Amino acid sequence: MNKLLPAFLLAFVCFTVKAQTPAAAMPTTQPFGKIDIADLEMKACDFEKDANAEVLFDKGNVYFGADLMSITNEIHRRIKVFNDNGKKEADIHIKFYSGNRLEYITGLQAQTINLVNGKPEIIKLDKKLIYTKVIDKNNSEITFTFPDVKPGSILEYKYNLNTNSFVNFPDWEFQDHIPVRYSELYTAIPDIFYFRANTNLAMAFAKYKTTSDGRSLLEGSQSYQYTLENTLRALVNVPSLPDEPYMSSYRDNVQAIRFQLVTIKPIGGFVVNHSDTWEKVGGILADDDDFGGQLKRKVTGEEAIIAKAKAIKSTDERIAYLFNEVKNTMKWNGSDRWYTIDGTYRAWENKTGNATEINLILYHLLKQSGIGAYPMVVSTREHGRVRPFYTSLAQFNRGVVYVPVDSSKKYVLDASGKYNMYNETPSELLNSSGLYIDKSKDLYNIITLKKNEPVRESVFVNAEIKAGGKIEGTAQISSNSYNKINVVDRYKTDGEKKYIDFLRHDDNNIKVTGLKLENMEVDSLPLMQNFNFNLDLAGSDESYIYLNPNLFSALKSNPFLSENRQTDVEFGYNRSYSINGIYKIPAGYKADALPKNASMTMPDKSFTFKRVVAEQDGSIVIRYNVYYNVPEYSKDKYPDFYAFFKKMHEMLNEVIVLKKG
């Protein structure tokens with residue numbers, strides 16, 4: 001009875017509200033080409049007023065073929081364009097796995113619907129303008145652009161995504177980068193199969209309905225009975241998923257449902273557990289020609305490289321040599337797959353390849369040089385976090401090399417990154433998992449990829465304040481780990497002039513000269529930047545000088561300006577910042593207003609800020625310390641996080657006032 005009481009009360013409340021105000025009609029789908037004039041006349045999204053476009057409805061209908069060996073998803077999508085910025089929704093890209101014709105597209109139709117003289121005008125897409133592009137040997141995409149698109153247009157298309165495998169059940173995303181008025185997924189699954197529905201939802205279903213009906217399967221002269229389990233799921237008024245500062249991947253955050261085949265119950269047979277184990281996934285990797293089949297492939301000229309490596313006694317130096325040899329020889333083509341496309345031999349010959357090709361070459365050279373290395377598959381942050389309970393190879397998109405040197409030192413090597421270091425796991429792989437394999441020992445193991453030590457950056461300024469509001473001095477910035485990688489990447493990619501603009505935050509009042517970078521090529525040492533600078537202090541006059549001592553740091557501006565947030569904050573790794581300065585006071589001036597010494601810590605100890613400012617021996621001495629003690633922070637606690645960062649950045653940029661005495 002207790003379970004019925006809340007339902008009864010809810011029903012009573014709903015009835016009362018309905019009696020007072022008419023309930024809004026539930027959005028729904030419509031047949032292809034049938035359109036409401038109200039949708040054509042609509043000027044803005046009802047629940048997200050500033051949206052450039054809106055998905056009016058997105059419908060998926062997933063069912064099995066008559067032989068239960070194939071799956072089809074009938075997709076029907078309708079988009080409303082509100083303004084010129086929304087016209088980019090007219091460019092459509094439909095990607096699918098075309099290798100061995102595992103997936104293929106049929107029945108594609110598309111049309112633009114405009115309101116002309118109060119009536120719908122339909123402009124159908126010319127099928128000659130639908131293009132199929134081969135991305136690589138396993139992946140393709142269909143592309144097209146809607147015709148005659150303008151503010152107010154409705155874009156409508158439908159197609160069938162077919163797969164020749166009962167295992168490859170399609171995912172469904174209820175959310176998009178633009179708001180979605182109605183998203184519906186209908187699935188019809190024979191009870192022969194049990195698929196676990198892995199959901200990532202922040203909203204309750206507006207519709208959820210299950211039914212079942214008996215079916216027959218004919219095999220020759222035999223007829224077998226099974227039950228079709230039908231499920232309708234729908235969400236209404238789904239907000240757009242924004243690109244927020246320090247957000248993990250779109251895939252990690254989008255409201256979606258993903259299906260995993262767990263068991264098969266053949267008609268007349270025994271239940272078969274189909275849920276993969278990581279050992280089984282590892283075995284697939286080891287036996288795959290485009291992964292395991294590449295591990296022992298020789299590359300041209302490897303003998304000389306291996307001989308030189310073997311002559312290096314230090315394990316770390318040997319790893320560093322081979323890592324840099326491959327990194328400097330090979331060029332990453334920008335492609336990420338867990339498998340090779342051209343193979344390691346051809347990639348080495350062409351001096352270019354995808355990340356897995358580059359790293360399997362590195363694995364081979366390490367192994368031949370006596371290093372205990374293992375091939376590993378990982379997922380980049382953009383691709384999405386690996387869920388250890390979801391044992392699927394589809395979660396991975398890159399091959400790397402795992403080297404457990406000893407119990408305290410383990411390396412994850414990725415030579416596809418031009419500025420990666422051998423002794424740092426690439427930051428885009430952190431807070432996820434990797435699966436490494438050793439077929440000879442029948443070893444297949446998944447491990448967590450994390451950075452335990454905080455990544456540090458320290459700024460040291462020694463300067464003299466001149467009467468009238470000018471500063472001349474020197475600065476040194478010490479950066480290790482990912483901070484070093486980011487600086488070297490920016491400096492070498494953009495050049496010194498643009499890098500100096502970045503260093504001074506594009507502040508034309510600051511001039512930087514004599515920049516020197518030390519230890520750029522030495523992975524084991526922090527990067528040291530030394531330079532001279534002079535600065536005109538804005539707002540200063542003959543009586544007062546105003547100084548913000550937060551110079552040349554990564555904490556100049558607050559990235560968290562929005563009071564609301566939809567996604568978790570992911571910094572990737574713990575961080576430690578230090579800002580230090582000695583500023584000589586000009587003759588005839590004295591400190592009029594100094595920021596007070598302060599210390600702030602979040603209740604859960606996740607973030608800490610400390611500030612010390614003092615007048616000492618004719619100088620202003622400052623020391624600011626900021627600690628990020630967690631790599632991730634939940635969106636559920638964002639109000640406290642937002643308030644802390646707002647206050648912290650106000651205190652970081654509080655000015656020192658000197659007065660002429």
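Residues numbered from 1 in each chain as written. Predicted model: local features only at pLDDT ≥ 70, side-chain atom pairs only at ≥ 80, totals over all residues. Heavy atoms only, no water.

Locating Asn354 in the fold gives a position in the loop between strand E17 (352-353) and helix H8 (355-368). Judged by relative accessible area, Asn354 falls into the buried class, the value being 1%. Excluding residues within four positions of it along the chain, Asn354 makes contact with Trp332, Asn333, Ser335, Arg337, Tyr339, Thr340 and Ile341. (Helix = DSSP H or I, 4+ residues; strand = E, 2+ residues; numbered from the N terminus. Buried < 20%, exposed > 50% of the residue type's maximum accessible area, 1.4 Å probe, protein only. Contact = heavy atoms within 4.5 Å.)

So, about empty space enclosed by the protein. It is a probe the size of a water molecule, rolled over the atoms, that shows where empty space is left. Counted according to the given criterion, the structure contains one cavity of 30 Å³ or more. Its residues assigned to classes, the lining of the largest cavity comprises two nonpolar, six polar and five charged. (1 Å grid on protein atoms, 1.4 Å probe; cavity = no way out; pocket = protein on both sides within 12 Å on 5 of 7 lines; lining within 4 Å. Points joined across faces, edges and corners; volume = space filled by probe spheres on them. Nonpolar A, V, L, I, M, F, W, Y, C, P; charged D, E, K, R; others polar.)

Before going further, it helps to examine the environment of Ile446. Secondary-structure assignment places Ile446 in strand E22 (residues 443-449). Taking the C-alpha atoms as reference points, Ile446 and Gly282, 164 residues apart in sequence, are found 9.4 Å from one another.

Right, let's get into the sheet that holds strand E27 (residues 544-547). With antiparallel pairing, the three strands of this open sheet are ordered in space as E27-E35-E30. Both outer strands of the open sheet, E27 and strand E30 (589-593), are each paired with one neighbouring strand and no more. The average angle at which neighbouring strand axes cross in this sheet is 30 degrees, direction not considered. The sheet contact formed by E30 and strand E35 (residues 656-660) spans four bridges and is antiparallel. Each bridged residue has a counterpart across the sheet, and for Ala591 the counterpart in E35 is Leu658. (Pairing = 2+ DSSP bridges. Axes fitted to C-alpha atoms, helices over the stretch in contact; angles between N-to-C directions.)

Another aspect to go through is unusual backbone geometry. Residue Asn431 is not a glycine yet carries a positive backbone phi of 60 degrees. As for its placement among the helices and strands, Asn431 is situated in the loop between strand E20 (410-413) and strand E21 (432-438). Residue classification places Asn431 among the buried positions, given a relative accessible area of 6%. With a phi angle near 65 degrees, Lys605 is a residue other than glycine that sits in the positive phi range. Assignment of secondary structure puts Lys605 in the loop between strand E31 (598-601) and strand E32 (607-616).

Turning our eyes to something else, we now look at the sheet that holds strand E7 (residues 139-145). Taken in spatial order, the three strands of this open sheet run E3-E7-E6, and their pairing is antiparallel. Looking along the sheet, the strands with just one partner apiece sit at the ends: strand E3 (91-97) and strand E6 (131-134). Here the average twist between neighbouring strands, direction ignored, is 25 degrees. Bridge count between E3 and E7: seven bridges; the pairing is antiparallel.

E7 sits mainly inside the fold: six of its seven residues count as buried. Pairing of E6 with E7, which is carried by four bridges, proceeds in the antiparallel orientation. Along E7, the bridge assignment pairs Thr132 with Ile142. Linking E6 back to E7 in an antiparallel pair, the connection comprises four residues.

Before going further, it helps to examine helix H5 (residues 302-310). Residues lying three or four places apart along an α-helix face the same way, a consequence of the helix completing one turn every 3.6 residues. Restricting attention to buried positions, one finds in H5 the residues Glu302, Ile305, Ile306 and Ala309. Down the axis, H5 shows its buried residues gathered within 95 degrees of arc, on one side only. Looking at H5, the residues exposed on the side facing more than 90 degrees away from the buried face are Glu303 and Ala304. On the buried face of H5, the contacting elements are helix H6 (315-329), helix H7 (344-350) and H8. (Arc of directions from axis to C-beta.)

The next subject is the packing of aromatic side chains. Within this structure, the stated rule accounts for 47 aromatic pairs. These aromatic residues form a ring-pair network of at least three members: Tyr246, Phe560, Phe571, Tyr577, Phe607, Tyr628, Tyr633, Tyr638, Phe641, Tyr642, Phe644 and Phe645. Its guanidinium or amino end placed over the ring of Phe502, Arg490 lies 3.8 Å from that ring's centre, counting from NZ or CZ. (Phe/Tyr/Trp six-rings, centres within 6.5 Å; stacked < 30°, edge-to-face > 60°. Lys NZ or Arg CZ within 6 Å of the ring centre and 35° of its normal.)

By secondary structure assignment, the location of Lys127 is in the loop between strand E5 (119-124) and E6. Put simply, Lys127 and Leu108 are 19 residues apart on the chain and 8.7 Å apart in space, counted from C-alpha to C-alpha.

Attention shifts here to the pattern of salt bridges. Per the counting criterion, the structure on display carries 29 salt bridges. Across the pair Asp58 and Arg77 runs a salt bridge, and its minimum N-O distance is 2.8 Å. Taken together, the residues span a long stretch of sequence, with Asp58 in strand E1 (residues 53-64) and Arg77 in strand E2 (residues 71-81) at a distance of 19 residues. Accessibility expressed as a relative area gives 8% for Asp58, which makes it buried. A salt bridge links Glu453 to Lys451, with the nearest nitrogen and oxygen atoms 3.9 Å apart. Taking the relative accessible area as the measure of exposure, Lys451 reaches 18% and is therefore buried. Three or more residues joined by partner-sharing salt bridges are found here, namely Asp336, Arg398, Asp414 and Glu428. (Salt bridge = Lys/Arg side-chain N within 4 Å of Asp/Glu carboxyl O.)

What follows covers the confidence of the model for the protein chain. Looking at the protein chain as a whole, its pLDDT mean stands at 93, while 95% of the residues score no less than 70. The low-confidence segment residues 1-21, where pLDDT is below 50, has zero contacts with residues more than four positions distant or belonging to other chains. (pLDDT = per-residue confidence, 0-100.)

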